[in-house]
Structure formats: structure tokens, C-alpha cells
Amino acid sequence: AGQHIGACPFCDHDDHFYINKETGQFDCKTCGLKGNKYTFLQTIYESSLKTTKQKHWKAVAKERQDLPWQIYRDAGIAFDNLQKCYLFPVWNDKGSIVNLYKWSGKRGENLYSTATCKLHLLGTHAIEPNGPIYIVEGHWDYVALKWLLEKEHDGPYTVLAVPGASNFNEERDLKFFVDREVYVLFDNDDPG
């Protein structure tokens, strides 16, 4: 009674995948995968990334009408064949996935955070110990600025992104900016 039971998204066996309603812990009685929501996101992401092909990144580049397809590959964007959507991972500063955004693949449509996951700065897993930090607003600006700086900037730098101008968590995130040169490049709109 305290569990949801369904088909395992990893091995596809019916009625062998259990999720505890109170703790959110999952367990597949067939393939043996188990863990919490972050383990689940990591597993979904890794399995999607393994099957993501060049054609998927080229489709993103074509739909976005902006950057070379390799940039989307390098950003870790994966295609989820089960849900028929793109996954944009967000890692914390320790390198663990803390959120997985979904995008339909259509320009102009928003990326959506995984329900129950907190919003985090994008890019904290790759903070350089030296050099300036550039903060942009949104996932696409993060990818674009990383591409531009890779072409134009010598020396170490870090690009971070807030998932929206009003989504900065001072308590959690200010530690990344102590004694650093920081450039804030938010959108030119009311929130930014």
C-alpha cells in the first residue's frame, strides 16, 4: 500500500518497479537498479546519453538556428527515446546530477525542471579555481557563452547560469564568488 508499482523504465518488465511513496526510493526486482530520485535521474540521463547520436545534436542545432551541433554534444544534452524529448543535465559542484531539464525539441518552447528538484546554478561542476566567472540567465545562454569563450578567451574562466533571473540561491551559491571577478550578463528584460 505504501508503494507505487509499475513497469521498469530501464528493463521494461511490468509490475517489477517499486517506488516508496514516503521516501521516494525506487527498486526494480528484475534488473536490480535501486536508489533515490537523484540516482534515478542519473540512470535515466546516462542511458539516454548512450543512445544519443549525432543526428540528435544536429537536430538541436537546426531547431535553435544558432551554434554548431558539437556544442550541444559537449554540453551533455541527451535525447530520451522513451519520452521523445531532450534532457539537459544540471550537476552540483560535487559532480552529481541534481536536476534534469526536459525540452521538446521545438524552438521557443521552454525547458522544464524535474518536479520536486530544486533549482541550481548550471555549471558549478566545472568551476575553475582562477579566472573570471561569467553568469548568464538560462541554459541556452550558458551553452552559447561557453562556445564563444572557448573561441575567444585565453586562460581559465567559468561560465555559470541561473535558471531565471529571480532564481539565485544566495545561501547555497554565494560561496562560489568569494574573491572572484564576476560578470553578470542577464537578459535585458524586467527580471534580468
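First, a word on scope: everything that follows refers to the structure included in this document. (Residues numbered from 1 in each chain as written. Predicted model: local features only at pLDDT ≥ 70, side-chain atom pairs only at ≥ 80, totals over all residues. Heavy atoms only, no water.)

1. Observations concerning the side chain of T52
Reasoning step 1: In this fold, T52 is placed in the loop between α1 (37-51) and α2 (54-64).
Reasoning step 2: One polar contact links the side chain of T52 to the main-chain carbonyl oxygen of S48, over a distance of 2.7 Å. (Helix = DSSP H or I, 4+ residues; strand = E, 2+ residues; numbered from the N terminus. Polar contact = N/O pair within 3.5 Å; in protein donor to acceptor, adjacent residues only side chain to side chain.)

2. Examining unusual backbone geometry
Reasoning step 1: Despite not being glycine, D12 has its phi angle at roughly 70°, a positive value.
Reasoning step 2: Mapped onto the elements of the fold, D12 is located in the loop between β1 (3-6) and β2 (17-20).
Reasoning step 3: At K84, a position not held by glycine, the phi torsion is positive, near 55°.
Reasoning step 4: Along the chain, K84 falls in the loop between β5 (78-80) and β6 (85-91).

3. A short note on the nonpolar core
Reasoning step 1: The biggest cluster of nonpolar side chains holds 28 residues, and the ones touching the most others in it are Y72, I77, F88, W140, Y142 and V143.
Reasoning step 2: Those elements giving two or more residues to this core turn out to be α2, α3 (69-74), β6, β7 (97-103), β8 (133-137), α4 (139-152) and β9 (158-162).
Reasoning step 3: When residues of this core are assigned to their parent elements, the largest contribution, 5 residues, is made by α4.
Reasoning step 4: In contact with W140, not counting residues within four places along its chain, are V60, R64, Y72, I77, F88, W103 and L111.
Reasoning step 5: The next biggest cluster of nonpolar side chains, apart from the first, holds 10 residues, and it includes Y45, W91, I97 and C117. (Core = buried A, V, L, I, M, F, W, Y, C linked by side-chain atoms within 4.5 Å. Buried < 20%, exposed > 50% of the residue type's maximum accessible area, 1.4 Å probe, protein only. Contact = heavy atoms within 4.5 Å.)

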